[in-house]
Amino acid sequence: MPKNRSTAAQRARQRQAATGEKYTTALRAQRPCTTHHQIFSARGAGWTPITQRAEQRFDHAWPGHPRPHWEEKFGELCWKSFPWQDAPAEAHRILREAQREADATCQSCPAPGRKRVVWIWDDYCGTWIMPWVKTCCDNCYWVPSHLLHDGEYRFLFETYEESSA
Ligand SMILES: [Zn+2]
């Protein structure tokens, strides 16, 4: 191996020095993309067990409850149009606990996660269409390197990632 062969981390640091990129962001962009995220979808190997457990608890605590419409918004788990007035207090508690668990769990796998800005891939157009906030672990997080300086991406990144780092 040549003595001066640089590692991915060194190359990322050099790029950071040249462009002002964050080192970790630059490093992650060099891995292949492993997870395609879907807009508004709350499904995934990390979150589906959380919503299933919550539904079992609703069955006990709230007979005849409406079918939950789970959704992801800004990286958070939601029940769209949850009937706040009609639901019993125990149902509010079950929902809040599921949301808290989802806040700390990667949506796509059961690893710990936090809010990250990813890009949504559109199969039909064959292109990255927009940045989007998801709760991710390090493995499921990926940003295409050519989109790291996109204005909308930077805005979401500064709002949702830098403030919590
Ligand atoms: Zn993950």
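Use the structure listed above.
Residues numbered from 1 in each chain as written. Predicted model: local features only at pLDDT ≥ 70, side-chain atom pairs only at ≥ 80, totals over all residues. Heavy atoms only, no water.

Caption draft 1: Molecular detail of unusual backbone geometry. Not every positive phi belongs to a glycine, and Phe 74 is a case in point at roughly 50°. Looking at the element boundaries, Phe 74 is found in the loop between β1 (70–73) and β2 (76–79). Since its relative accessible area comes to 48%, Phe 74 is described here as partly exposed. Despite not being glycine, Ser 81 shows a phi value in the positive range, around 60°. Its location among the elements puts Ser 81 in the loop between β2 and α4 (89–103). (Helix = DSSP H or I, 4+ residues; strand = E, 2+ residues; numbered from the N terminus. Buried < 20%, exposed > 50% of the residue type's maximum accessible area, 1.4 Å probe, protein only.)

Caption draft 2: Geometry of the coordination of the zinc ion. The coordination sphere of the zinc ion, as far as protein atoms go, consists of Cys 106 (SG), Cys 109 (SG), Cys 137 (SG) and Cys 140 (SG), spread over 2.3 Å. Geometry at the zinc ion is tetrahedral, judged from its 4 donor atoms and the angles of 104 to 115° they form at the metal. Within one chain, the residues donating to the zinc ion are spaced in sequence as C-x2-C-x27-C-x2-C. Here Cys 106 falls in the buried class, since its relative accessible area comes to 0%. (Donors = N, O, S within 2.8 Å, 3.2 Å for Na, K, Ca; no water. Tetrahedral: all angles 85-135°; square planar, octahedral: opposite > 155°, others 65-115°.)

Caption draft 3: Spatial organisation of the packing of aromatic side chains. Enumeration according to the criterion identifies 13 aromatic pairs in this entry. The interplanar angle of 75° and the centroid separation of 5.3 Å between the aromatic rings of Phe 58 and Trp 79 together place this pair among those described as edge-to-face. Separated by 21 residues along the polypeptide, Phe 58 in helix α3 (residues 48–61) and Trp 79 in strand β2 bring together distant segments of the chain. Assigned by exposure class, Phe 58 and Trp 79 land together as buried. One aromatic cluster is present, formed by Phe 58, Trp 62, Trp 70, Trp 79, Phe 82 and Trp 84 through successive ring pairs. Note that Arg 116 overlies the ring of Tyr 141, its terminal NZ or CZ placed 4.8 Å from the centroid. (Phe/Tyr/Trp six-rings, centres within 6.5 Å; stacked < 30°, edge-to-face > 60°. Lys NZ or Arg CZ within 6 Å of the ring centre and 35° of its normal.)

Caption draft 4: Looking closely at helix α5 (residues 151–162). Of the positions making up α5, those classed as buried are Tyr 153, Leu 156, Phe 157 and Glu 161. Considered in projection along α5, the buried side chains sweep an arc of 105° and stay on one side of the axis. In α5, the exposed positions angled more than 90 degrees off the buried face are occupied by Gly 151 and Phe 155. Looking at where α5 begins, the residue whose side-chain oxygen comes 3.0 Å from the main-chain nitrogen of Glu 152 is Asp 150. (Arc of directions from axis to C-beta. Polar contact = N/O pair within 3.5 Å; in protein donor to acceptor, adjacent residues only side chain to side chain.)

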